Amino acid sequence: MDEKTKAQFRDWAKGNRYLYQLMKGNTDVLEPYIEYLSSRENEILRALFKIMQAAMIHHFEIDAYFERFGG
């Protein structure tokens, strides 16, 4: 496996760790996760859906984050 592929998997793992923590209710990762997403246009819509799900389950506020992405 070349270095570029390894880097891609490390990047995906980082995003998945953020999402996993958020789905467990850890809102401390919300800001870094939003930062991570801000440079990944292809992932934003799916991620915002997951963020909304986590917010509904764990009852935390997300409006400011959605406004950041024009929604």
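Up top you'll find the structure we're talking about.
Residues numbered from 1 in each chain as written. Predicted model: local features only at pLDDT ≥ 70, side-chain atom pairs only at ≥ 80, totals over all residues. Heavy atoms only, no water.

**A short note on the environment of Val29**
By secondary structure assignment, the location of Val29 is in the loop between helix 1 (3–23) and helix 2 (30–38). With 16 residues separating them along the chain, Val29 and Ala13 place their C-alpha atoms 14 Å apart. (Helix = DSSP H or I, 4+ residues; strand = E, 2+ residues; numbered from the N terminus.)

**Re helix 2**
Buried residues of helix 2: Leu30, Tyr33, Ile34, Tyr36 and Leu37, and no others. On an axial view of helix 2, the arc spanned by its buried residues comes to 160°, and they lie on one face. Packing partners of the buried residues in helix 2 comprise helix 1, helix 3 (41–58) and helix 4 (63–68). (Buried < 20%, exposed > 50% of the residue type's maximum accessible area, 1.4 Å probe, protein only. Arc of directions from axis to C-beta. Contact = heavy atoms within 4.5 Å.)

**A short note on the environment of Glu43**
Residue placement: Glu43 occurs in helix 3. Separated by 28 residues in the primary sequence, Glu43 and Gly15 have C-alpha atoms spaced 9.8 Å apart. Excluding its chain neighbours within four sequence positions, the residues that come into contact with Glu43 are Trp12, Tyr36 and Leu37.

**Topic: the packing of helix 1 against helix 2**
Where helix 1 contacts helix 2, the two axes come as close as 10 Å, and the packing angle between them is 145°. Judged by the sense of rotation from one axis to the other, the crossing of helix 1 with helix 2 is left-handed. Two secondary-structure elements touch here, helix 1 through Asp11, Trp12, Lys14, Gly15, Tyr18, Leu19 and Leu22 and helix 2 through Leu30, Pro32, Tyr33 and Tyr36. Among the residues making up the contact of helix 1 with helix 2, the classes are represented as 8 nonpolar, 1 polar and 2 charged. (Axes fitted to C-alpha atoms, helices over the stretch in contact; angles between N-to-C directions. Left-handed = near helix turned anticlockwise from the far one by under 90°. Nonpolar A, V, L, I, M, F, W, Y, C, P; charged D, E, K, R; others polar.)

**Brief notes about the nonpolar core**
Within the largest apolar cluster, 18 residues are counted, with the highest numbers of intra-cluster contacts made by Leu22, Leu30, Tyr33, Leu37, Ile51, Phe60 and Ile62. The set of elements that each furnish at least two residues to this core consists of helix 1, helix 2 and helix 3. Among the elements that line this core, the one with the most residues is helix 3, at 6 residues. Those residues in contact with Leu37, other than ones at most four positions away along the chain, are Glu43, Ile44, Ala47, Ile51 and Phe69. (Core = buried A, V, L, I, M, F, W, Y, C linked by side-chain atoms within 4.5 Å.)

**Points about the pattern of salt bridges**
Counted under the stated rule, the structure contains 4 salt bridges. Across the pair Arg40 and Asp11 runs a salt bridge whose closest N-O atoms are separated by 2.7 Å. With a gap of 29 residues between them, Arg40 in the loop between helix 2 and helix 3 and Asp11 in helix 1 connect regions that are remote in the sequence. Among the ionic pairs, Glu31 bridges to Arg68, the shortest N-O distance being 3.1 Å. (Salt bridge = Lys/Arg side-chain N within 4 Å of Asp/Glu carboxyl O.)

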